[in-house]
Each structure stands twice: as C-alpha cells, then as structure tokens.
Amino acid sequence: MKKGVAEEPKGNLAAAINSTFGSLAGFQEKTCSRRDGPLWFRLGVAGRPRWELAIDSTPNQDTPYLLAGGGKAVLGLDVWEHAYYLKYQNVRADYIKAWWNVVNWDKAAELYDAAKK
C-alpha cells in the first residue's frame, strides 16, 4: 500500500491487466467484493509456461503468498473482517473501494516484472 491517492498501473502490468480484464475497471469489478467468507484475495502471475495474470483467493488461514500451481503473488488484499470491521463495520465493498486508493501500483509492477522472469 502507498500513502496518498494511488495512481493507475503502468508499463507491463497495465498492459497485462488491460489484455486480461479489458481495463483496470474490469479488473476491479472481478475483485473479491462478491466473494463470501474470510480470505485473502490476490492478483498473481500463474500458468506455466505462459505466466498470465490470474485472480486467486485463499480461504481461512491459508497463506496469501503462494498461488495454486506455483504462481507468484503480485498484489494482495486482506478481506478478513479484522482488516476492515472497525472502520467499515460489515460493509466489505466500501472497504475494497477505499483500498483501491492506497494500492502501490509501482511495487505491484515491480513484482509483476520479477515474477515473469
């Protein structure tokens, strides 16, 4: 996360998001706001040998760092209630909407480029 208002992704990550999801808005629409239960939500690089972007989630206490099939996490969002309940009560969608304002897209792009190597 990054203090202040997040910029949009740039470079290879932006191109991959646009190619995979149509746009940043399309990607955001597919986030965990519609998923139930405690989990981590991640954007990662998965699917050898092509290493494409994928949305993944883990239930319960499973690690947020490893994706199925040996993929690598690029961006993670904690959507367990402990992450948002004090400020957003039980309105997870409001928490996720606010979270987009603090995403560190520069770091996510760096992780994306490293994961593709």
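Refer to the structure above for everything that follows.
Cut-offs applied
- Residues numbered from 1 in each chain as written.
- Predicted model: local features only at pLDDT ≥ 70, side-chain atom pairs only at ≥ 80, totals over all residues.
- Heavy atoms only, no water.
- Helix = DSSP H or I, 4+ residues; strand = E, 2+ residues; numbered from the N terminus.
- Buried < 20%, exposed > 50% of the residue type's maximum accessible area, 1.4 Å probe, protein only.
- Areas by Shrake-Rupley, 256 points an atom, 1.4 Å probe, with all protein chains shown as cover.
- Phe/Tyr/Trp six-rings, centres within 6.5 Å; stacked < 30°, edge-to-face > 60°.
- Axes fitted to C-alpha atoms, helices over the stretch in contact; angles between N-to-C directions.
- Parallel < 35°, antiparallel > 145°, perpendicular 65-115°, else oblique.
- Contact = heavy atoms within 4.5 Å.
- Nonpolar A, V, L, I, M, F, W, Y, C, P; charged D, E, K, R; others polar.

### Structural notes on the overall build of the chain
Per the secondary structure count, the chain includes five helices and three strands. Across the chain, helices and strands are ordered from the amino to the carboxyl terminus as α-α-β-β-β-α-α-α. Taken over 117 residues, the chain has a buried fraction of 37%. Surface accessibility of the chain: about 7,100 Å² in total, with carbon and sulfur atoms responsible for 52%.

### Section: the packing of aromatic side chains
Scanning the entire structure with this criterion turns up six aromatic pairs. Judged by centre distance (5.0 Å) and plane angle (25°), the ring pair of Tyr 84 and Tyr 95 falls under stacked. One end of the pair, Tyr 84, is in helix H3 (residues 81–88); the other, Tyr 95, is in helix H4 (residues 92–99), with eleven residues separating them in the sequence. Accessibility assignment for this pair places Tyr 84 and Tyr 95 in one class, buried. Judged by centre distance (6.2 Å) and plane angle (5°), the rings of Trp 100 and Trp 105 are stacked. Trp 100 gets classed as buried once you look at its relative accessible area, which sits at 11%. A connected cluster of aromatic rings, assembled from ring pairs, spans Phe 21, Phe 27, Trp 99, Trp 100 and Trp 105.

### Overview of unusual backbone geometry
Backbone geometry at Gln 89 places phi at a positive 55°, although glycine is not the residue there. Looking at Gln 89, the relative accessible area reads 39%, which means it is partly exposed.

### Some thoughts on the packing of H3 against H4
At a minimum axis distance of 9 Å, the contact between H3 and H4 shows a crossing angle of 100°. Of the possible angle classes, the one that applies to H3 and H4 is roughly perpendicular. Across from Ala 83, Tyr 84 and Tyr 88 in H3, the residues of H4 making contact are Arg 92, Asp 94, Tyr 95 and Ala 98. Here the residues of the contact of H3 with H4 sort into five nonpolar, no polar and two charged.

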